[in-house]
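Secondary and tertiary structure notes
Chain residues, written in single-letter form:
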Amino acid sequence: MSLKGKRVAILAENLYQEMELWVPYYRLKEAGAAVKVIGTGSAKSYTSKHGYPVTVDAAADEVKAKDFDAVIIPGGYAPDLMRR
C-alpha cells in the first residue's frame, strides 16, 4: 500500500516507548508518507524510556491538526506527560 502524499504526525515527549515511535516512523516513511515528529514544545529533543533520543521537527503550537492525515501517539510515560 502506498501512502504517498499522506502526512503523519508522531507525537513525542520524554519517556516515550522506542518501538512505538521508531517502528511506525520508518514503516510509514517506507510506504511514502511524509512523517513529522511533533514535540510538546518543552525541548528540541526527547529521550525514550531507555535513553534513545528523538529530535522533533516542530512544536505542537507550530502545527495544526488539519495539516495531517494521521497522528501516532507512542506509549510509555510520554502520553501522561503530554496530557499534563
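Since the model is a prediction, treat every value here as computed from it, not as a measurement. (Residues numbered from 1 in each chain as written. Predicted model: local features only at pLDDT ≥ 70, side-chain atom pairs only at ≥ 80, totals over all residues. Heavy atoms only, no water.)

**Section: the overall build of the protein**
Within the protein, the regular secondary structure consists of two helices and six strands. Start at the N end of the protein and walk to the C end: the helices and strands fall as β-α-β-β-β-β-β-α. Scaling as 2.2 N^0.38, a compact globule of 84 residues should have a C-alpha radius of gyration of about 12 Å, and the protein matches this with 12 Å. Seen along its three principal axes, the alpha-carbon backbone of the protein occupies a region of about 35 × 25 × 20 Å. A burial count over the protein gives 33% of its 84 residues as buried. Summarising the internal contacts of the protein: among those between residues at least 6 apart in sequence, 70% fall at separations of at least 24. Approximately 5400 Å² of the protein is accessible, and the part contributed by carbon and sulfur atoms is 53%. Averaged over its 12 positive side-chain charges, the protein has a centre that lies 5 Å from the centre of its 10 negative ones. (Helix = DSSP H or I, 4+ residues; strand = E, 2+ residues; numbered from the N terminus. Rg over C-alpha atoms; globule rule 2.2 N^0.38 Å. Buried < 20%, exposed > 50% of the residue type's maximum accessible area, 1.4 Å probe, protein only. Contact = heavy atoms within 4.5 Å. Areas by Shrake-Rupley, 256 points an atom, 1.4 Å probe, with all protein chains shown as cover. Lys, Arg positive; Asp, Glu negative; His and termini not counted. Charge placed at Lys NZ, Arg CZ, Asp CG, Glu CD.)

**A few points about the nonpolar core**
Formed by 15 residues in total, the largest nonpolar core has its most connected members in Ala 12, Leu 21, Leu 28, Ala 33, Val 35, Val 37 and Val 54. Of all the elements in the fold, those that place two or more residues in this core are β1 (7-12), α1 (18-30) and β2 (34-39). Those residues within four positions of Ala 12 in sequence are excluded, and the remaining contacts are Leu 21, Val 37, Ile 38, Gly 39, Thr 40, Tyr 46, Val 54, Val 56 and Met 82. (Core = buried A, V, L, I, M, F, W, Y, C linked by side-chain atoms within 4.5 Å.)

**A few points about unusual backbone geometry**
Unusually for a residue other than glycine, Leu 15 sits at a positive phi of about 70°. One can find Leu 15 in the loop between β1 and α1.

**Here's the deal with the environment of Asp 67**
As for its position among the elements, Asp 67 is in the loop between β5 (58-59) and β6 (70-72). Given the relative accessible area of 36%, Asp 67 is considered partly exposed. Taking the C-alpha atoms as reference points, Asp 67 and Arg 83, 16 residues apart in sequence, are found 21 Å from one another.

**A look at the packing of aromatic side chains**
Two aromatic rings, taken as a pair, are described by how far apart their centres are and by the angle between their planes. Going through the model one piece at a time under the given rule, you end up with three aromatic pairs. With a centroid separation of 5.4 Å and 75° between ring planes, the pair formed by Trp 22 and Tyr 25 is classed as edge-to-face. Residue Trp 22 and its partner Tyr 25 are both found in helix α1; the two are separated by three residues, about one turn of the helix. Trp 22 gets classed as partly exposed once you look at its relative accessible area, which sits at 24%. The buried category is assigned to Tyr 25, whose relative accessible area is 15%. With centroids separated by 5.0 Å and ring planes inclined at 90°, the aromatic side chains of Tyr 25 and Tyr 26 adopt a geometry described as edge-to-face. Aromatic rings pair up to connect Trp 22, Tyr 25 and Tyr 26 into one cluster. Between the NZ or CZ atom of Arg 7 and the centre of the ring of Phe 68, over which it lies, the distance is 5.1 Å. (Phe/Tyr/Trp six-rings, centres within 6.5 Å; stacked < 30°, edge-to-face > 60°. Lys NZ or Arg CZ within 6 Å of the ring centre and 35° of its normal.)

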